[in-house]
Amino acid sequence: MAPGGVLFDFLPIWIVILGLAVFFYVLLDGFDLGVGILYGFAPAEDRPLLMNSIAPIWDGNETWLILGGVGLLAVFPLAYAIIIPAVYFPILLMLLALVFRGVAFEFQFKNPAIRRLWRWGFCLGSVLATLAQGFVLGAFVQGFRVKGRDFAGTSFDWLTPFAATTGVALLLGYALLGAGWLVLKTEGHLQDWARRMGRICLLGVLAAIAVVSLWTPLADPAVAARWFSWPNVAFLAPVPVLTALAALAAWRALNGWGPDAGPFLWAMLLFLLSYLGIAISLWPYIVPRQVTVWEAASSQGTQAFLLIGTLFLLPVIAVYSSWSYWVFRGKVRGDVGYH
Amino acid sequence: MAFDPLLLSRIQWAWVISWHILLPAFTVGLASYIALLEGLSFATGNPAWLRASTFWTGIFAVSFGMGVVSGIVMPFQFGTNWARFSDATANVLSPMMAYEDLMAFFLEASFLGVLLFGRHLVPPWAHFVSAIMVAIGTLFSSFWILSVNSWMQTPAGFSRGEDGRFFPADWLQIVFNPSFPFRLAHTVTAFYITTGFVVLGVGAYLVRRAEPGSEPRLMMRMALALLAVLVPLQMLIGDMHGLNTREHQPAKLAAIEGRYDTAAPAPLTLIGWPDDAAAIMRYAIEVPRLGSLVLTHSWDGEIRGLKEWPADQRPPVAFPFFGFRVMVGIAFAMLAVVIAGLVLWRRGRLFETGWYLRLCQWFAPLGFVAVLAGWITTEVGRQPWTVYGHLRTEHSVSPSLTGADVALSLAAYGIVYLIMFPAGIAVMIGRIRAGLSLRAEPRDPVEGLQSRAPVKAPPPAAE
Ligand code: HDD
Ligand code: HEM
Ligand code: HEM
C-alpha cells in the first residue's frame with residue numbers, strides 16, 4: 001500500500017502521532033473547557049477559583065488544537081481542504097468562542113460589572129466552543145459530499161440531528177473531564193460540588209455513548225458490518241466491555257472511592273475508548289467513505305522533513321510541559337489570592 | 001449586488017491578519033525586553049529591575065493573550081476560506097507551519113504560565129530561564145511564519161505535479177528562499193522598534209507624571225539607546241529589502257514606485273495620485289534621477305514600469321504606493337525623534353524637556369502604523385498572486401463558499417474583534433495608568449496557586 005518506489009512508508013507513524021495529538025487536545029482542552037462549562041453552575045464565591053485552577057495552563061492546552069489543525073494539513077492535506085470548508089460555521093463559532101474565553105483570563109477590569117460580563121463570556125465561550133467541536137465531530141462521522149478534490153456540499157450540511165446529538169454529548173463529556181479536574185484540584189465543599197456535577201455528567205455521557213453507538217451502525221451498514229461481523233465482533237467486544245467497566249469505576253471514584261485523581265483518570269479512559277470506537281468505525285477513511293488515509297496523504301518528502309524534527313521535538317515538549325504542570329501541582333486555594 | 005466570496009474572503013483575511021500582526025509586533029519585542037530585565041534583576045539583585053519587569057509583564061500578559069486567540073484564528077483561515085490554496089501548497093508549506101507550532105507555540109505557552117504566575121513557585125533562575133524561553137519562542141515563531149510568507153512571495157525549491165500542486169524538491173531553498181533573510185531581518189527589527197517606541201512613550205508618560213523611583217528614566221534611556229542603533233539599521237535593511245524585491249518581484253516594485261512606464265534614468269515619485277485604469281500617475285511630484293539612485297545605486301539605472309506586464313498581472317498601485325510612503329515617512333520621523341532624544345540626553349535635559357516627553361508619548365503607537373503599512377505594501381503588491389507568478393488568488397479560494405457565507409463570517413469577525421481589541425487596549429492602558437509603585441506583582445488573584453510547594457523565591461520588594 002505504500003506508494004510505489006519508496007523505501008519506507010512514514011504514514012503509519014504519522015497516523016499514530018496525529019491521532020495522539022488530537023486525543024491530547026481533546027483531553028487537555030477538554031478539561032479546561034469543561035471547567036468553563038461548569039463555571040456557570042458553580043457557587044458564586046468559588047468561581048474565581050475555578051478560573052485560577054486553569055489560568056496557567058489553558059494556553060498550552062490550546063496549542064494542541066493548532067497541532068491538530070496544522071498536523072492534518074501537513075499529513076492529510078486533501079482531508080484538510082475538504083473537511084475544514086465543510087464545517088465553515090462550526091469552525092467560525094469555535095474560533096470566536098475561544099477568543100472570548102481566552103482573553104477573559106487577562107481582562108480584569110476595575111469596574112465590577114464589566115468584569116462580570118467578561119467572566120460570563122468565559123463561560124459562554126467554553127460552552128459554544130465545545131458545542132461547535134461536537135458539531136464538527138458529528139458532521140465528520142456522517143461524512144461529506146466530495147467532488148474531485150473539493151468539498152461539494154453547502155456550508156450548512158453540518159446542521160443535522162446527529163451532529164446536534166454529538167454536540168450535546170461533547171458538552172457533557174468535557175464537563176465530566178472538568179469535574180474530574182476540579183475534584184483533583186480543590187478541597188472541601190467545592191470538591192463535594194464537583195463530585196456531584198461529575199455524577200450528573202457521567203450519567204449523561206453514558207446515555208450519549210449509548211445513543212451514538214446505536215445510531216451509527218443503524219445509519220451506516222458499513223459501520224454495522226465492521227462491528228458485528230464475525231470475527232470482528234470477538235476482537236472488538238473488549239471496547240464496549242471496558243467502557244462499561246470504566247464507567248463503573250468512574251462512578252465509584254466520584255463517590256469518594258480511591259485517590260482524588262481517580263475521577264479524572266477514569267473519565268480520560270472513557271474518552272480514550274470512545275475515541276477508539278470512532279476510529280474503528282471509520283478506518284481507513286480520513287474523509288468517511290470518500291477518501292482513505294493513503295489517498296489524502298502528503299508527499300513522502302513532506303512527511304520525512306517534518307518527521308525528523310517532530311521525533312526530536314515531541315519528547316522535549318513532553319518534558320517541559322510536564323514541568324510546567326508540576327510547578328502548579330497541588331490544590332488551588334482561594335485564601336492566599338490577595339496579599 | 002451579489003456578494004463575491006473571493007473579495008469577501010480577501011477582506012476577511014486582511015482583517016484578521018492585520019489585527020493579529022499588531023500583537024506579535026509588540027510581544028516579540030516585549031518578551032525580549034522582559035527577559036533582559038529579568039536577567040538584570042537576577043544578576044544585580046537591584047529591585048528596580050524587578051519592578052520594571054513586573055510592570056511590563058502585566059501588560060505583556062494581556063497582549064500575549066490577545067495574540068494567542070487572534071493567532072489560533074489564522075491557520076484555520078487557510079482551510080475555511082483558502083482550501084484550494086491549502087490543497088495546492090500544503091506539501092511545501094505545512095511542515096513549516098507545523099514546525100512553528102512545535103518549536104515556538106509549545107515553548108511560549110508552557111513557559112508563559114511560569115513567567116506570569118510562578119515567581120514564588122520556582123527558584124529565581126528558573127523564572128529567568130522561563131522569560132528567556134518565551135522570548136526565544138516568539139523569535140522562532142517569527143522565523144517560521146515569515147519563511148512561509150516569503151516562500152509565497154519568492155517561491156523556490158519546488159516542483160509542480162501534473163495537477164498543478166506544489167511538491168518539495170529542496171528544503172533548504174524552500175526555507176531560505178530569496179526574500180526570506182531580508183523579510184526576517186526587517187520584520188523582527190520592526191518589532192523591536194515598535195516595542196522600543198512604546199517603552200519610550202510609556203517611560204515619558206511616567207516621568208511626566210512624576211512617578212517615584214528610577215524605573216521610568218531607566219526605561220527611557222534603555223529604549224533610546226536601542227532605537228539609536230535600530231532605526232538607522234532598519235533603513236539600511238529596508239533599502240536592501242527593496243533591492244531584493246526589484247530583482248524577484250519587479251511588478252511589485254513598480255507599484256511601490258508608482259511607475260507605469262519603464263524609465264532609465266528614473267525619477268523618484270515623492271507623491272501623486274495613481275490611476276490604474278489609465279495607467280498614469282496624476283499630480284506627480286518627482287525628483288529627477290533619484291529613483292535610479294535609490295533603487296539601482298547608479299545615476300541612470302533602469303526601473304521597469306507596470307506596462308511591461310499584461311493588465312491582469314499587475315497589482316493595484318494605490319495600496320503599495322501609499323503604504324510604502326507611510327512606512328518610510330514614519331521611519332524618517334522616528335529618526336528625528338531619536339536624534340533629538342540623544343542630543344537632549346547629552347545635554348542632561350532629557351527628563352526635563354516637556355515638549356519632548358509629550359512627543360515621545362505621541363510616537364508610542366507609530367511603530368504599529370509602520371508595520372501595518374509595510375505589510376499592506378508587501379501583500380497587496382504581491383497580487384494577483386498568492387504564490388508569486390504561479391498560483392492566482394482567485395484560484396486559491398474555497399469553491400464551496402457562497403458570498404452570503406463569507407459575508408456572515410466577516411460580519412462576525414468584525415463585531416467580535418471590535419469588542420475584543422478595544423477592551424484589551426483599555427485593560428493595557430489601565431495597567432499603565434496604575435503605574436509601577438502600586439503593584440509589586442503582575443497579577444494578584446492567581447498567586448499562591450498551590451498550598452504544598454515550598455516558597456523558594458524571596459518575597460518581592462516590600463512597598
Ligand atoms: C517599524 C516598522 C518599519 C519601518 C520603520 C520600516 N519598515 Fe519597511 N516594512 C516593515 C516595517 C518597517 C514591515 C511591516 O515589517 C514589512 C512588511 C513585510 C516585511 O518584510 O517587512 C516592511 C516591508 C518593506 C518593503 C517591502 C518588501 C517586499 O514586500 O518585497 C520595503 C521595500 C521596505 N519595507 C523598505 C523600508 C525602508 C526603505 C524603510 C526606511 C527608510 C523602512 N522599510 C522602514
Ligand atoms: C502579518 C502581517 C500580514 C498582513 C498585515 C497581511 C495582509 C494581507 C492583506 C492586506 C492581504 C490582501 C491583499 C489583497 O487581496 O489585495 C493579504 C493576502 C494574503 N496573505 Fe497576508 N498579510 C500578512 C502576513 C501574511 C503571512 C505571514 C501569510 C502566510 C503565512 C500571509 C498569507 C496571505 C495569503 C494566503 C493571502 C491571499 C489571500 C488574499 O489575497 O486575501 N500573509 N495579506
Ligand atoms: C508576519 C506574520 C506573523 C508573525 C511574525 C507572527 C508571530 C506570532 C507570534 C510571535 C505569536 C505569539 C503570540 C504573540 O506574540 O502575540 C503568534 C501567535 C500565533 N500565530 Fe502568528 N504571526 C504571524 C502571522 C500568522 C499567520 C499567518 C498565522 C497562521 C498561519 C499565525 C498563527 C498563529 C497562531 C496559531 C498563534 C497562537 C500561538 C499560541 O497558542 O501560542 N500567525 N504569532
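Residue numbers here run from 1 along each chain, matching the order of that chain's written sequence. Note on labels: chains are lettered from A, ligands numbered from 1, in written order. Selection of residues for local features in this predicted model requires a pLDDT of at least 70, selection of side-chain atom pairs for listing and counting requires 80 or more, and totals for whole chains, interfaces and linings are taken over all residues. Side-chain figures throughout are based on the complete set of non-hydrogen atoms in the structure, without hydrogens or water.

Looking up chain B in an unreviewed UniProt entry gives the name Cytochrome ubiquinol oxidase subunit I, with the organism given as Methylobacterium nonmethylotrophicum. UniProt positions are given in the numbering used here, feature names are shortened, and annotations may be inferred rather than shown by experiment. Annotation of chain B in UniProt includes, under Sequence similarities (unreviewed entry), the sentence "Belongs to the cytochrome ubiquinol oxidase subunit 1 family."

Where helices and strands are cited, they refer to DSSP runs of H or I of at least four residues and of E of at least two residues respectively, numbered from the N terminus. A count of helical and extended segments in chain B gives 13 helices and 6 strands. Throughout, radius of gyration means the C-alpha value; the globule benchmark is 2.2 Å times the number of residues raised to the power 0.38. Against the compact-globule benchmark of 23 Å for 463 residues, chain B has a radius of gyration of 24 Å, which places it among compact chains. Throughout, exposure labels follow a simple rule: accessible area from a 1.4 Å probe, protein chains only, divided by the maximum for the residue type, with under 20% read as buried, over 50% as exposed, and the rest as partly exposed. The proportion of buried residues among the 463 residues of chain B is 61%. Counting only contacts in chain B whose residues sit at least 6 apart along the sequence, the fraction spanning at least 24 positions is 78%. Using the Shrake-Rupley algorithm and a 1.4 Å probe, accessible areas are obtained, with residue cover drawn only from the displayed protein chains. If you sum the accessible surface of chain B, you get close to 17,500 Å²; carbon and sulfur atoms cover 68% of it. In this tally, Lys and Arg are treated as positive and Asp and Glu as negative; His is ignored, and so are the chain termini. Where a charge lies is defined by one atom per residue type, namely NZ (Lys), CZ (Arg), CG (Asp) and CD (Glu). Charged side chains of chain B number 32 positive and 30 negative; the gap between the two group centres comes to 9 Å. Note on definitions: a residue-residue contact is assigned when non-hydrogen atoms from the two residues lie within 4.5 Å.

Metal-coordinating donors are taken as N, O and S atoms lying within 2.8 Å of the metal, or within 3.2 Å when the metal is Na, K or Ca; because water is left out, some sites can appear incomplete. Of all protein atoms, just one serves as a donor to the iron atom of ligand 2, and that atom is B:E379 (OE), at 2.2 Å. Topologically, B:E379 is positioned in helix 12 (residues 366–382).

Turning next to the site of ligand 3. Near, as used in this document, describes a residue that has one of its heavy atoms within 4 Å of the molecule or strand being considered. Near ligand 3 there are 26 residues, and of these B:H20, B:T27, B:G67, B:G71 and B:M74 occur at the shortest range. Among the chains of the assembly, those with residues near ligand 3 are chains A and B. Under this definition, polar contacts are N or O atom pairs within 3.5 Å; protein pairs additionally need one hydrogen-donor-capable and one acceptor-capable atom, and for neighbouring residues in sequence, both atoms have to be side-chain atoms. Here B:H20 contributes a side-chain N or O atom positioned 3.0 Å from a nitrogen atom of ligand 3. A distance of 2.3 Å is found between an oxygen atom of ligand 3 and a side-chain nitrogen or oxygen belonging to B:T27. Of all the elements in the fold, those that place two or more residues in the shell around ligand 3 are helix 3 (58–75) of chain A together with helix 1 (5–44), helix 2 (47–80), helix 3 (83–117) and helix 4 (124–153) of chain B.

Residue and element names in this part refer to chain B. Distances from the iron atom of ligand 1 to its protein donors, H186 (NE2) and M327 (SD), fall within 2.0 to 2.4 Å. Four donors are marked tetrahedral only if all angles between them lie between 85 and 135 degrees, whereas four are marked square planar and six octahedral if opposite donors are more than 155 degrees apart and the other angles lie between 65 and 115; the remainder are marked irregular. Note that the iron atom of ligand 1 binds 6 donor atoms; their angles at the metal cover 79 to 179°, and the shape is octahedral. You can see H186 sitting in helix 6 (residues 180–208) and its partner M327 sitting in helix 10 (residues 318–346), a full 141 residues away along the chain. By the burial criterion, H186 is buried, and M327 matches it.

With that settled, the discussion passes to the side chain of B:R392. Residues and elements named next belong to chain B. Relative to the assigned elements, R392 resides in strand 6 (residues 391–392). Owing to a relative accessible area of 15%, R392 belongs among the buried residues under this scheme. There is a polar contact of 3.0 Å between the side chain of R392 and the backbone oxygen of D312. With near-sequence residues (within four places) excluded, R392 lies in contact with D312, Q313, P384, W385 and T386.

Before going further, it helps to examine the packing of aromatic side chains. Here a pair means two rings of Phe, Tyr or Trp (six-membered ring of Trp) with centres within 6.5 Å. Their orientation is stacked below 30 degrees between planes, edge-to-face above 60, and tilted elsewhere. The tally for this structure, following the rule as stated, stands at 48 aromatic pairs over all chains. Here the aromatic rings of A:F23 and A:Y275 are separated by 5.2 Å at their centres, their planes lie at 40°, and the arrangement is tilted. Here the residue A:F23 occupies a position in helix 1 (residues 11–39), and A:Y275 occupies one in helix 12 (residues 262–282), the gap between them amounting to 252 residues. We classify A:F23 as buried; its relative accessible area is 8%. An aromatic cluster is present here, built from A:F305, B:Y99, B:F143, B:W144, B:W171, B:F176 and B:F180 joined pairwise through their rings. The ring centre of A:W257 lies 4.4 Å from the NZ or CZ of A:R252, which sits over that ring. Two conditions define a charge sitting above a ring: the NZ of Lys or the CZ of Arg must be within 6 Å of the ring centre, and it must be within 35 degrees of the ring normal. Residue placement shows B:R392 over the ring face of B:W385; its charged tip is 5.4 Å from the ring centre.

Here the focus is the pairing of strand 4 (residues 280–287) of chain B. All names here are of chain B. When DSSP finds two or more bridges between two strands, those strands count as paired. As defined by bridge partners, strand 3 (residues 268–275) adjoins strand 4 across 6 bridges and the pair is classed as antiparallel. Looking across to strand 4, one finds that I271 is bridged to I285. Two successive antiparallel strands, strand 3 and strand 4, enclose a turn made up of 4 residues, where A279 displays a positive phi of approximately 55°.

Once that is clear, we can look at the domain arrangement of chain B. Quite often, the size of an interface is put as the accessible area lost when its parts meet. Residue and element names in this part refer to chain B. In this document the domain limits rely on a domain assignment from an automatic tool or a database. Structurally, chain B comprises domain 1 (24–177 + 402–452) and domain 2 (194–208 + 216–397). Each of domain 1 and domain 2 has a C-alpha centre, and the two are 25 Å apart. With 33 residues of domain 1 at the contact, the number on the domain 2 side is 29 residues. Put simply, buried area is how much 1.4 Å-probe accessible surface two parts lose in total, over both of them, once they are put together. Contact between domain 1 and domain 2 buries roughly 2,500 Å² in total, counting both sides, with carbon and sulfur atoms accounting for 73%. The largest per-residue losses of area from domain 1 upon contact with domain 2 belong to W56, M152 and Q153, which jointly make up 21% of the total buried on that side. By salt bridge we mean one thing: a side-chain nitrogen of Lys or Arg within 4 Å of a carboxyl oxygen of Asp or Glu. Viewed at the interface, domain 2 and domain 1 are joined by 0 salt bridges.

Angles run from 0 to 180 degrees between N-to-C directions of axes, and those axes are lines fitted to C-alpha atoms, restricted for helices to the stretch in contact. Interhelical geometry of helix 5 (residues 88–104) of chain A versus helix 13 (residues 403–434) of chain B gives an angle of 0° and a closest axis separation of 11 Å. Between helix 5 of chain A and helix 13 of chain B, the angle is such that the two are roughly parallel. Of the residues in helix 13 of chain B, those in contact with A:Y88, A:F89, A:L92, A:L95, A:L96, A:V99, A:F100 and A:V103 of helix 5 of chain A are B:D405, B:V406, B:L408, B:S409, B:A412, B:Y413, B:V416, B:I419 and B:M420. Roughly parallel here means an angle under 35 degrees, roughly antiparallel means over 145, roughly perpendicular means 65 to 115, and every remaining angle is called oblique.

Moving on: the nonpolar core. In terms of nonpolar packing, the biggest core is built from 230 residues, with A:F76, B:W56 and B:F197 touching the most fellow members. Counting residues domain by domain, this core receives three or more from each of domain 1 (24–177 + 402–452) and domain 2 (194–208 + 216–397) of chain B. Residues in contact with B:F197, not counting those within four places in the same chain, are B:L227, B:V231, B:M334, B:V337, B:V338, B:F363 and B:A364. The next biggest cluster of nonpolar side chains, apart from the first, holds 12 residues, and it includes B:A251, B:A254, B:Y260 and B:F321. For the purposes of this section, nonpolar cores are sets of buried Ala, Val, Leu, Ile, Met, Phe, Trp, Tyr and Cys residues that join through side-chain atoms within 4.5 Å.

Residues and elements named next belong to chain B. Residues in close proximity to ligand 2 total 19 residues, the closest being R10, W13, I21, E379 and R382. Here E379 contributes a side-chain N or O atom positioned 2.6 Å from a nitrogen atom of ligand 2. Residue R382 places a side-chain N or O atom 3.4 Å away from a nitrogen atom belonging to ligand 2. If you tally residues by element for the shell around ligand 2, the top one is helix 1, at 6 residues. Polar here means any residue outside two lists: the nonpolar Ala, Val, Leu, Ile, Met, Phe, Trp, Tyr, Cys and Pro, and the charged Asp, Glu, Lys and Arg; Gly therefore counts as polar. Taken together, the residues of the shell around ligand 2 sort by class into 11 nonpolar, 5 polar and 3 charged.

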